[in-house]
Amino acid sequence: MPHNIVFSPIAEELAAIAREIADKHVRPAAAKYDKAQEYNYEAAKAVAQAGLFKTFIPKEYGGHGAGILALARVTEELAKADSGFGVAFAVNALGSFPILVGGTEAQKQHWLPQIARGEKFVAFCLSEKYAGSDASGLAVTAVEDGDDYIISGEKKWTTNGGVADIYSVFCVTDPTSKSRRISAIVVEKGTPGFTVKKVENKMGIRCVPVVETHFDKVRVPKKNLIGEKPGMGFKHAMMTLDLARPGVAAQAVGAAQGALDLANVYSNRRVQFGAPISSHQMVQKMMADMGMKTEAARWLVYAAAAAADAQAGNVSKMAAMAKCFATDVAMEVATDAVQVFGGYGFMEDYPIAKYFRDAKILQIYEGTNQIQRMVIARSLIKDCAELDHLKPFIPTEVQQTYRADLAPIGKS
Ligand SMILES: Cc1cc2nc3c(=O)[nH]c(=O)nc-3n(C[C@H](O)[C@H](O)[C@H](O)COP(=O)(O)OP(=O)(O)OC[C@H]3O[C@@H](n4cnc5c(N)ncnc54)[C@H](O)[C@@H]3O)c2cc1C
């Protein structure tokens, strides 16, 4: 791998602004928006005014051009205060990446500056009721009709649905093709036939809406097809996830740090057996493990984000590793933080329970952690092709009985 992880001055500046906004507008209101299941428009406005939506947008489209590492730092700061608001912020990048990685120059000039200014919020519509982990099984169709596409069907789990103005929608444009079956098309809020239906009642991240989006013969101009030609949607989706997964991982680091900080404060003040519980060795072990895991996750996330910025060859593997590791850590740390709080940790009166509820989704969305492990394992198997020089160091009988035709992926 190794990449030198050096934060640009702009990344540091944006992270500091994010921390300020998190302290002023996000943390104090987190419980209120969680309970009401309402979007925190006030904090989103502050984020827009401070220029944080510009973070990942290239300079030529009105952004800061600060890259994925800066995006990770900003997301981490927001998620530390409220994991739900961290998602509400990061999903704008997720929805914008298909335009960024696959859009034509005209499309980028049209949509990205509005997103950078925070005038338009974005959503990413890939998943469907019957197509989750297996994104190749999509059923929403887009059929050509003169200068337009007509989109029909339903998407499931659209984060930011209803709040967003711009939707990157993955549709089947060629049902007969295996490799070029899917295209991404931008659908704007208010387009006739496009509606938000079921608003999900979630366990966590309750301040950001997750909805079903319905497309009833929605007519959109062909110029909304992302890219020059149809059939590139699956590739655009995978490229998007490579860029977005360090962002989910950064949400996880923020969430873990937020839970750890609360547990730290509590354990130093809660007295049992005549001493702060932080002096009891078993609590110390929990705190030490939480601290180590959070720090390990943080630096893996930065490495993955740096790999994305460097367009390194191993970006998919790094993104999957960071997503999987950091989100597992967030769940473990949030669980232990509740344990440190004892009975109070189980009560909704205090934010620590919300960290626990919010952490679970991180292991599920943008590819479950089982899927991340598949990506990582396949990538490791491919790496084996470069390890021929180690063959003499495995048992002779294993070398002799090796069958290339049984190798799971390529030469190994
Ligand atoms: C709150 C929330 C927000 C979301 N936001 C968005 C969004 O904005 N846009 C969007 O497009 N999607 C979104 N999603 C969808 C999310 O990405 C999917 O839920 C996720 O990819 C898993 O798909 P699934 O729920 O259909 O589970 P399934 O694919 O049915 O998986 C169920 C279980 O089986 C396992 N599994 C499946 N296949 C394999 C395999 N081959 N090997 C091993 N294990 C396997 C999974 O890991 C999981 O544990 C969101 C989901 C939620 C709950």
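Everything numeric in this text was worked out from a predicted model, so none of it was measured.

The rules we used
Residues numbered from 1 in each chain as written. Predicted model: local features only at pLDDT ≥ 70, side-chain atom pairs only at ≥ 80, totals over all residues. Helix = DSSP H or I, 4+ residues; strand = E, 2+ residues; numbered from the N terminus. Rg over C-alpha atoms; globule rule 2.2 N^0.38 Å. Buried ≥ 20, exposed ≤ 12 C-beta atoms within 10 Å, placed from the backbone. Contact = placed C-beta atoms within 7 Å. Core = buried A, V, L, I, M, F, W, Y, C linked by C-beta atoms within 7 Å. Axes fitted to C-alpha atoms, helices over the stretch in contact; angles between N-to-C directions. Parallel < 35°, antiparallel > 145°, perpendicular 65-115°, else oblique. Left-handed = near helix turned anticlockwise from the far one by under 90°. Nonpolar A, V, L, I, M, F, W, Y, C, P; charged D, E, K, R; others polar. Near = placed C-beta within 6 Å. Domains from an automatic or database assignment.

(A) Structural detail: the overall build of the chain. Regarding its fold elements, the chain presents twelve helices and nine strands. Taken over the C-alpha trace, the chain has a radius of gyration of 22 Å; the compact-globule value for 412 residues is 22 Å, and the two agree within 12%. Along the first, second and third principal axes, the C-alpha atoms of the chain reach 80 × 65 × 40 Å. In the chain, buried positions account for 48% of the 412 residues. Contacts in the chain between residues far apart in sequence, at least 24 positions, make up 75% of those at least 6 positions apart.

(B) Here's a closer look at the nonpolar core. Grouped together as the largest cluster of nonpolar side chains are 129 residues, with contacts concentrated most on I185, V301, A304 and A337. Considering every element that reaches this core, the biggest residue donor is helix 9 (residues 315–341), with 17 residues. Filtering out sequence-adjacent residues up to four positions away, V301 remains in contact with A72, P246, A249, A250, V253, A322 and A326.

(C) View of the packing of helix 7 (residues 233–269) against helix 8 (residues 281–309). One can describe the packing of helix 7 onto helix 8 by two numbers: an axis separation of 9 Å at closest approach and a directional angle of 155 degrees. With respect to their mutual orientation, helix 7 and helix 8 come out roughly antiparallel. Crossing of helix 7 against helix 8: the hand is left-handed. Grouping the constituent residues of the contact of helix 7 with helix 8 by class yields 17 nonpolar, five polar and two charged.

(D) Layout of the site of the ligand. Around the ligand, the surrounding shell holds 20 residues, and the nearest of these are G132, S133, T159, T368 and Q370. When the residues that make up the shell around the ligand are grouped by side-chain class, the tally is ten nonpolar, eight polar and two charged. Looking at which domains feed residues into the shell around the ligand, each of domain 2 (123–230) and domain 3 (235–385) gives three or more.

(E) Region of interest: the domain arrangement of the chain. We note that the domain assignment places domain 1 (9–121), domain 2 (123–230) and domain 3 (235–385) within the chain. Each of domain 1 and domain 2 has a C-alpha centre, and these two points are 22 Å apart. Across the contact, 24 residues belong to domain 1 and 19 residues belong to domain 2. Where the side of domain 1 that touches domain 2 is concerned, the elements lending two or more residues are helix 2 (30–36), helix 5 (83–102) and helix 6 (105–116). Tallying contributions element by element places helix 5 first for the side of domain 1 that touches domain 2, with eleven residues. Tallied by class, the residues present in the side of domain 1 that touches domain 2 amount to eleven nonpolar, nine polar and four charged.

(F) Summary view of the packing of helix 4 (residues 67–81) against helix 8. The contact between helix 4 and helix 8 brings their axes to 6 Å, and the two run at 150 degrees. Where helix 4 approaches helix 8, its residues G67, I68, L69 and A72 are matched on the opposing element by V301, Y302, A305, A306, A308 and D309. Its residues assigned to classes, the contact of helix 4 with helix 8 comprises eight nonpolar, one polar and one charged.

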